[in-house]
Amino acid sequence: MSGLLAGKRLLVTGVITDASIAFSVAKLAQENGAQVVLSGYGRLSLVERIAKRLPEPAPVIELDVTSEEHLAGLADKVREHVDGLDGVVHSIGFAPQSCLGGGFLDAPWADVATALQVSTYSYKSLAMAALPLMSSGGAVVGLTFDATKAWPVYDWMGVAKAGLESASRYLALHLGKQGIRSNLVAAGPLRTIAAKSIPGFDQFEDAWTERAPLGWSLTDQEPAARACLALLSDWFPATTGEIVHVDGGYHAIGA
Ligand SMILES: NC(=O)c1ccc[n+]([C@@H]2O[C@H](COP(=O)([O-])OP(=O)(O)OC[C@H]3O[C@@H](n4cnc5c(N)ncnc54)[C@H](O)[C@@H]3O)[C@@H](O)[C@H]2O)c1
């Protein structure tokens, strides 16, 4: 098998439609030699149907990152398909409606707690659940939306992403000795289910379309997926705790 990820065994979370960033990661990873196991949340039959659209139909295991039971059983379920893991992709985010669209000042703690558990804490939970399968080291890669700024309408999801960015650095700190790297891709706005759940998301779309120095496609997940592949590959062996922007250069300008 040839390709950037030849021989790598990956767990890819977060596929819900073929527009999911995770779907592009899984597709490109298979095309580049990786063996992929998917995890799905909620409508598992839907995820299984989407999994059949990959170049190689991928097995799907159930994982709700807020379920201690699912996390505890993850390694054994993955082992039914592969004998270990070289990489884990965290492509998971959720915030209740109260936390988005301008609701920052009024969102109740219970809703904020849900956003943080699913979108931030789960990065660590997922990595720890997969750790027994990563005895030879490997890579954990997640997706963020540049959390160095307060964006309109992103609200508590922005706080969750700031936490995710920090959690990735702490994971890098704590798992580095075991040869495990932790890096994030900061993607520009992409039309996925998660994005559509954000009221006012079109503001991002307009800003990126008008101002990203390289231009930006709202429907092309491949640039973000390619960066994930690079970080999962052997070509970033000494990079951890890093955030790679895949946003057409938007983060670099002052407009
Ligand atoms: N779409 C964008 O504009 C954009 C930009 C930057 C970063 N991101 C991030 O990319 C990641 C993937 O999102 P996407 O845009 O592909 O949208 P998506 O809706 O396709 O994927 C989000 C995934 O999160 C999963 N999920 C939600 N709650 C879960 C839970 N409790 N347990 C397990 N999985 C759960 C959903 O099932 C879904 O598959 C998210 O972290 C998102 O914040 C998205």
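The text that follows walks through the structure, step by step, so that each part is easy to find. (Residues numbered from 1 in each chain as written. Predicted model: local features only at pLDDT ≥ 70, side-chain atom pairs only at ≥ 80, totals over all residues. Heavy atoms only, no water.)

## Topic: the site of the ligand
Taken together, the neighbourhood of the ligand is formed by 26 residues, with Gly14, Ser20, Lys161, Leu190 and Thr192 sitting nearest. Lys161 places a polar side-chain atom, nitrogen or oxygen, 2.8 Å from an oxygen atom of the ligand. Here Leu190 contributes a backbone N or O atom positioned 2.7 Å from an oxygen atom of the ligand. For the ligand, whose accessible area on its own is 810 Å², the fraction buried by protein is 93%. Elements represented by at least two residues in the shell around the ligand include exactly strand S5 (138–144) and helix H6 (193–196). Residue contributions to the shell around the ligand peak at 3 residues, all from H6. When the residues that make up the shell around the ligand are grouped by side-chain class, the tally is 17 nonpolar, 7 polar and 2 charged. (Near = heavy atom within 4 Å. Polar contact = N/O pair within 3.5 Å; in protein donor to acceptor, adjacent residues only side chain to side chain. Areas by Shrake-Rupley, 256 points an atom, 1.4 Å probe, with all protein chains shown as cover. Helix = DSSP H or I, 4+ residues; strand = E, 2+ residues; numbered from the N terminus. Nonpolar A, V, L, I, M, F, W, Y, C, P; charged D, E, K, R; others polar.)

## Some words on the pairing of S5
Taken across its 7 residues, S5 has 7 buried, putting it largely inside the fold. Taking every second residue as pointing to the same face, both faces of S5 are buried, with Gly138, Val140, Gly142 and Thr144 on one and Ala139, Val141 and Leu143 on the other. Note on the crossover from strand S4 (residues 87–90) through helix H4 (residues 109–130) to S5: the handedness is right-handed. Judged from the 7 bridges that link them, S5 and strand S6 (residues 180–187) form a sheet pairing that is parallel. Its bridge partner lying in S6, Val140 is registered against Ser182. The parallel pair S5 and S6, bridged by helix H5 (residues 155–175), forms a crossover whose chirality is right-handed. (Buried < 20%, exposed > 50% of the residue type's maximum accessible area, 1.4 Å probe, protein only. Right-handed = clockwise from strand over helix to strand, strands pointing away. Pairing = 2+ DSSP bridges.)

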